[in-house]
Amino acid sequence: MKRAIITKDKFRISVPGVDVDAASDFEFILHEDHLSAQPYFMLWIPCPLTGKNNNTNRSATVPITVPEITDDTIVLLYLEVSDEGGSYYPTPPSVGGDQSVGAQVLIGLETGTTVNVTFGVPQTVRAPIGAFLILMRSGL
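S.K.: Now, about the environment of Val117: what can you tell me, with residues and values included?
M.R.: By the secondary structure assignment, Val117 is in strand E9 (residues 114-121). Taking relative accessible area as the criterion, Val117 reaches 0% and is therefore assigned buried. Taking the C-alpha atoms as reference, Val117 lies 4.8 Å from Ile107; in sequence the two are 10 residues apart.

Here it is, written out as structure tokens:
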């Protein structure tokens, strides 16, 4: 009995005891048509302000070249505040950040293949170490 198919076009795993080729729609653990979002690009973006603290508001924009962004692209940022952890879970485009630590990260979609990521750090707040940029296709 075969329980999985993983190819360029198919990503399917059936429930135990069911052959993946004979499985009904409700007998899959994973199926490519059932995923709400499919990640296709990830990049670590170091914050250019890390280590700088001159008691002023600081801002720096990093342009990133990415695969083409379409209408069904979901863009997420995970802000990392320190080497000891402290991930702040996905910030949606153009909002960003975690006010409890004061740092902000904003996304600006410039063209189909350029994303501008802006790190904004208020005075007396330690700059984050960076952010993970993740692009996903909506599966809906």
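After that view of the structure, there is still more to cover.
S.K.: Can you lay out the environment of Leu106 for me, pointing to particular residues and giving the numbers?
M.R.: If you trace the backbone, Leu106 turns up in strand E8 (residues 104-111). Assessed through its relative accessible area of 32%, Leu106 is described here as partly exposed. Considered as a pair, Leu106 and Thr61 are 45 residues apart in the sequence and their alpha carbons are 9.0 Å apart.

S.K.: I'd like a description of the pattern of salt bridges, backed by residues and values.
M.R.: Under the defined criterion, the tally for this structure stands at 2 salt bridges. Across the pair Lys2 and Asp21 runs a salt bridge whose closest N-O atoms are separated by 3.0 Å. Taken together, the residues Lys2 in the segment before strand E1 (4-6) and Asp21 in the loop between strand E2 (11-14) and strand E3 (28-30) connect sequence positions 19 residues apart. The closest approach of N and O atoms between Glu32 and Arg12, which form a salt bridge, is 2.8 Å. With Glu32 in the loop between E3 and strand E4 (37-46) and Arg12 in strand E2, the pair connects residues that are 20 residues apart, well separated along the chain. With respect to class, Glu32 is no different from Arg12; both count as buried.

S.K.: Please set out the pairing of E2 residue by residue, giving values where relevant.
M.R.: Of the two faces of E2, only one is covered, namely that formed by Arg12 and Ser14; the face formed by Phe11 and Ile13 stays uncovered. Pairing of E1 with E2, which is carried by 3 bridges, proceeds in the antiparallel orientation. Within E2, the residue paired with Ala4 across the bridge is Ile13. Linking E1 to E2, which pair antiparallel, is a turn of 4 residues. By the bridge criterion, 2 bridges tie E2 to E3 in an arrangement that is antiparallel. Note that in E3 the partner of Ile13 across the bridge is Leu30.

Conventions we followed
- Residues numbered from 1 in each chain as written.
- Predicted model: local features only at pLDDT ≥ 70, side-chain atom pairs only at ≥ 80, totals over all residues.
- Heavy atoms only, no water.
- Helix = DSSP H or I, 4+ residues; strand = E, 2+ residues; numbered from the N terminus.
- Buried < 20%, exposed > 50% of the residue type's maximum accessible area, 1.4 Å probe, protein only.
- Salt bridge = Lys/Arg side-chain N within 4 Å of Asp/Glu carboxyl O.
- Pairing = 2+ DSSP bridges.

Limitation: the analysis is restricted to geometry and does not speak to function.
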